[in-house]
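Letter by letter, the chains look like this.
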Amino acid sequence: MRKNLILILIIIMGTILIGCWSRRELDTIAIISAMGIDKSEEEGKLSVAFQIIKPSELQGAIPSGAGSASSKGVWVLTSTGYTIIDAARNATMQSDRKLFFSQNKIVVIGEELAREGITPLIDFLNRDPEPRRTSWLLIAKGKAHDIISAKHEQVNIPAEAIENMIKSSSATSMAVQVNINEFLKNLASPTSDPIACRIEMIQDHQNKNQKMRLTGASVFRKDKLVGFLDEHETRGLNWILGKVVSGIILVKSPKDENEDVALEIIRASSKIIPEISDDQIKITIEIKEEGNLAEQLPDIDLTNTKMFKELEQRKAQVIKNEVQSVLEKAQKEWGADIFGFGDAVHRKYPKEWKTLQTKWRDVFPTINVEIKVDARLRDTGLSSAPVKGR
Amino acid sequence: MLEKGKISNNQFILIFVISRLMLTMAYLPYVNAPPWNQDLWISAILAFPIHILLVLPVYFLTNRFPGQSLIQSVETILGSWGKIIGALYVWFFLHRTAVILRELGEFLKAIPYPETPIIVFITATALFAAYSIYKGLETICRVAEIVAPLVLASVFLVFIMIAKDVDIYALTPVLEDGIIPVIYGGFVIAARSTLSLFLWMLKPFINEPEKIRTTVVLISLILTLHLTPTSITTIGVFGLEQAKILNFPFFHLVRMINIGSFLERIDALFIGFWVLGMCIDIAIHNYLAVLSAAQLLKLKDYRPIVVAMGTVIVSLSILQAESVVELNEFLSYKVLTWYNLFFTFALPLLLLIVAVIGKKRIDYK
Amino acid sequence: MLKWFKKLHRHFISSKLKQKLEHKTSEKTPNPLSSNLQENLTKIKEVFSNASDIVFRQFEIGSHTRIKAFIVYVDGLVNEEFVQMNLMKSLMIDMHISEVDDELNQKNTLNIIHQRILTLTEVSEVNDFQEVVEHVLSGDTALFLEGFATALIVNLRGWETRNVTPPDTEVVVRGPREGFTETLRTSTSLLRRKIKNPNLKFEKMKIGKQTQTDVVIAYIKGIADEKIVEEVKRRLSKIDADAILESGYIEQYIEDSPLSFLPTVGNSEKPDIVAAKMLEGRVAILTDGTPFVLTVPYLFIEAFQTSEDYYSRPFYASIVRLLRFTAYFVSVFAPALYVALTTYHQEMLPPTMLISIAAAREGTPFPAFVEAMVMGIIYEILKEAGIRLPRPVGQAVSIVGALVIGESAVSAGLIGAPMVIVVSLTAISSYVVASISDTVSIMRLTYVLLAAFLGLFGIMIGAAFFLTHMVSLRSFGVPYLAPIAPIVSEDLKDVFLRPHLWKMHKRPKLFTQNDLVRQEPDLMPNPMKNNTNNK
């Protein structure tokens, strides 16, 4: 019996002694929902803003104060350091809790910092076990801190709002959905250049508040930010990548050039077809689109075949213009292969690729790109003709 | 007889599959090996016949010496010289157990328990291994019978759940660098397997040894069916370059799962199943080490040496490498392939030749 | 440690051997009856001295040749009316009237009484004194005659018994309500009424040096595995206990692994369940004095199979069975998982859930695992109190428990609300598999401890240990976790789902190799087909 007791004692002592290293109670961790990284005033230092969730304030707020801007569900903590993890550890000196990155959904990087290259920033997100590769990566036009400390009218945790904005951006297809994994995949690829979401604070004209808005995409060359795409250019990029899901295309009415007709995108797809002849690379982008007549302002009946054909052509032209504009910027101006042309060539011409690979950066801007758009109109919606006022 | 238990052929399949699967699930060492490109999945398929080929010498040996395990038949062939070869094999099993233990510890230390010392995991798992060895081979195999279906089911569930994120174009172009590196890759994959030694040690305890050919084919098939989708999904989701960098590709794959934004963050669950599988993996390897040592020393019962062997294994697993980098160096295809091949293929082939020349065999009674 | 086990083992064996030797010498010294009536009377009075419930009645038989006689019985164990009407009356009055009275002489009395006078059904002749005493003590009446060294043992048993009532433990919505009673004979009769087959065997034994408890081994010959029956008999005969007051005593003496906390002997209070188990090839052990009947071999999955599964239609029954497995895992793992997730693996919780839990945990004084332990222990206390207390008070306890522990502790900020939810969920789930709910409690607390120290790794190592322990168990030679491990594919169909009765045309392969076929394999009811056949 005595030996039994000793055995039990050893087990209990053992478990008590070995345990508790990695243990962290919920009230000892600061759950981060978003982080923003900027250049610090001090030379060579980073300034990181952490959006920390305050659970106790959120609990009561859900039934009663939902939507009230006064209830703050988060606390923004700013800290500086030479690397992100350095800044995170420094933040512990201001916070009573250890920062906890696993629930982090949003990583915002300031424009200025992004232009200097973000590989050193991303490394932490890739190496540390806590952050997830499914977090969204955004580049702020301006300061990342402004984004992190911005409030949202509807949601108590602004990070959640940003996430939902990104997710629902497929309604317009005028923004990109890029998470860390996606970014790293393109960054690591020998030819492709990565893109990231773009976010900025814009002035609300009604009540003079600033609010967050997704405004297109940001384009990198290697790991350095080279520029931003506006919303239509972003859709042009999405046309090429085949990532357009839904959205509205505005065309001028064939009967009245001052009036707009809104056409809804139902489905779209694209194909990138490379062709090498006489050492000359030619790329054909084939875009197929189908849509509905969604809204028309002038009370002119457009529902006849001739008008439909006319509308289809105008729509195709709009799409072509959008694609053209993004090609202009990314290919000609920045020389960033964000379209995956290199991969397409690699797939089709693996042998030629071996020589092309090393000089791809030089070849890429000179590639001749042809755009073929096949746009269709299928449906008129619920009414065949507009309501006519008498 | 040291071990009175009998195991069925199905149990043998499951115990071996699980002992192969678990490390692949965590480390997936093949991405950083030939063919170094997106043709890994073809290598995984090619590994299927190569795998069977590598088992052949041992298959003929076990047919020549039915009812005898590795240690015993080596002694029958070489006499007292066989003791040395036997001791080599004991070392092989011992070392292998230590390596797997260390890999378990490194994984747990890297992801969910960064602050906990590695010895905690190693000791706890080694204790479990010792306990199950006391209970015998039958018990280990029965636990495998419960755990293996769970693990296999969860792995294939992962494949289904991640399928929508796979970019199938990442696998093209096919056969970019020709077929040779792909075959080499298949060979490297197959050479990591220790099936021949498992077969040699455990065949005396298998219920229906006459059906062993089907068993071997089934094992190779299951492993291929696991590795092929694994390599397709890993490369398809992360791209080749990223997959090469990641320490634990498959684990990251599980982390990427997000279905309808409610079925996500299931990685800890994955770790749970993985630990369960690793426990069995370590238990069976440890068992083989203990059994072979007992057979070498001609003990009547292997139980007295379990604790001693366990202690050796725990210390070996900690002392064998200073850091994870050193461990990975040993585990890379450049070292482990040839180290393994020596024990699983070359040595048995040599012994087979000696046995044939010396006309040594045991006849069926 | 090993050495110590060995020492213990050696000690155990040697003491057992010693006892056996002593026992052998004291046992079975022949003690024949005397032919002298007076001698027998004094001897038996001496044995039963100071026992006020023993009744002696001396009288004479016959009118021509008078033969002295006496009967002895235990008051309360016999039906006195029957003794008067059927024994005394026939000996003292009916005999005088009948013609046998003339034939009566000193030599043939016993024979005549046995063969022609006594109208009772159960009469036997016994020569041994010790045996007579045993019979008297178990409720028989002994008749001694002058000049005969043989006593007639007459069964006139009759004592106060409980009626056959619905048992409290295994409540059913559909199915027979009757349960076994404390009387062995009633219990066997209930079984016999279920299985009207001469192959149903009831083998009787007496166990317990002091209590001399009747124990019946029941099995169906031809279905039950002979080896298991033999093994049961062997283990029962080896019991050298002082007393058997309940079948639990027997269980603890015959189980395969007494050091395991898992039961390897099943019990039931209901004849239909025991009959069903016997029809699958199991052996039942009925014990006098308790309504709980033991069944062996007992497998883990039996806890998940209830009689009602088979009485109701298979579809919902299958769902319920899956629910039972779920509930079992919930009740074993839920608190441990909660502790592991909230203290080690927060990344696994969905964000909204994590925030809610974190909000509830804010400001509570104890770490999660202390909460889990405290709540677990409080729940066990409440459970125990609820069972033992008289019914009116029991309600008060549950009110106090629910209100004080649940509501007030949360609102006072002592315990987080999620923990209360987890514990109550656990508590309810554990009653879904009521028959092993006590082992669940042990496992639950162990897992909480492991989760507190090593998180999910701890739980999984615990699970690995536990699984290994479980698969290494055997119940009378049958692996405890069969047919899951080792896989017995033929028996696997009745584990997670409950198939149609006509699909289960074979008995479980585990218990018996002989007479596997229950019925024709293709008995799916098909009225259309039957009609055409009739034509």
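Residues numbered from 1 in each chain as written. Chains lettered and ligands numbered in written order. Predicted model: local features only at pLDDT ≥ 70, side-chain atom pairs only at ≥ 80, totals over all residues.

### Quick word on the interface of chain B and chain C
1) Next: Of the residues lining the interface, 26 residues belong to chain B; the matching set on chain C comes to 22 residues.
2) Next: Contributions of two or more residues to the side of chain B that touches chain C are made by helix H5 (118-135), helix H6 (137-162) and helix H11 (267-296) of chain B.
3) Next: Split by residue class, the side of chain B that touches chain C holds 15 nonpolar, six polar and five charged. (Contact = placed C-beta atoms within 7 Å. Helix = DSSP H or I, 4+ residues; strand = E, 2+ residues; numbered from the N terminus. Nonpolar A, V, L, I, M, F, W, Y, C, P; charged D, E, K, R; others polar.)

### A few points about the packing of H11 of chain B against helix H12 (residues 306-319) of chain B
All names here are of chain B.
1) Next: Closest axis-to-axis distance for the H11/H12 pair is 10 Å, and the angle between their directions is 125°. When the axes of H11 and H12 are compared, the pair comes out oblique. For the pair H11 and H12, the sense of crossing is right-handed. Every residue of H12 that contacts H11 at Asn286, Ala289, Val290 and Ala293 is listed here: Val306, Met309 and Ile313.
2) Next: For the contact of H11 with H12, a count of residues per class yields six nonpolar, one polar and no charged. (Axes fitted to C-alpha atoms, helices over the stretch in contact; angles between N-to-C directions. Parallel < 35°, antiparallel > 145°, perpendicular 65-115°, else oblique. Left-handed = near helix turned anticlockwise from the far one by under 90°.)

### Quick look at the nonpolar core
1) Next: In terms of nonpolar packing, the biggest core is built from 323 residues, with Val108, Ile109, Leu138 and Cys197 of chain A together with Ile18 of chain B touching the most fellow members.
2) Next: With 20 residues, H11 of chain B is the single largest residue contributor to this core.
3) Next: Among all residues touching isoleucine 109 of chain A, those that are not within four sequence positions of it are Ile37, Ala114, Ile118, Leu121, Ile139, Ala140 and Ala144 of chain A.
4) Next: Within the second largest apolar cluster, 24 residues are counted, among which are Ile113, Val136, Leu143 and Val154 of chain C. (Core = buried A, V, L, I, M, F, W, Y, C linked by C-beta atoms within 7 Å. Buried ≥ 20, exposed ≤ 12 C-beta atoms within 10 Å, placed from the backbone.)

### Observations regarding the sheet that holds strand E6 (residues 200-207) of chain C
Residues and elements named next belong to chain C.
1) Next: Here five strands make up an open sheet; going across it, the order is E6-E7-E9-E10-E8 and the pairing antiparallel. Two strands in the sheet have a free side with no partner beyond their single neighbour: E6 and strand E8 (266-268). Adjacent strand axes in the sheet meet at a mean angle of 25° when their direction is disregarded.
2) Next: Bridge count between E6 and strand E7 (residues 213-220): eight bridges; the pairing is antiparallel. When the sheet's bridge partners are listed, methionine 205 is paired in E7 with valine 215.
3) Next: Packing against the sheet, helix H8 (residues 226-238) makes contact with E6, E7, strand E9 (283-287) and strand E10 (293-296), and its axis sits at approximately 170° to E7.
4) Next: Across the sheet, helix H10 (residues 271-279) is in contact with E7, E8, E9 and E10; its angle to E7 comes to roughly 50°. (Pairing = 2+ DSSP bridges.)

Interpretation in functional terms is not warranted from these geometric data alone.
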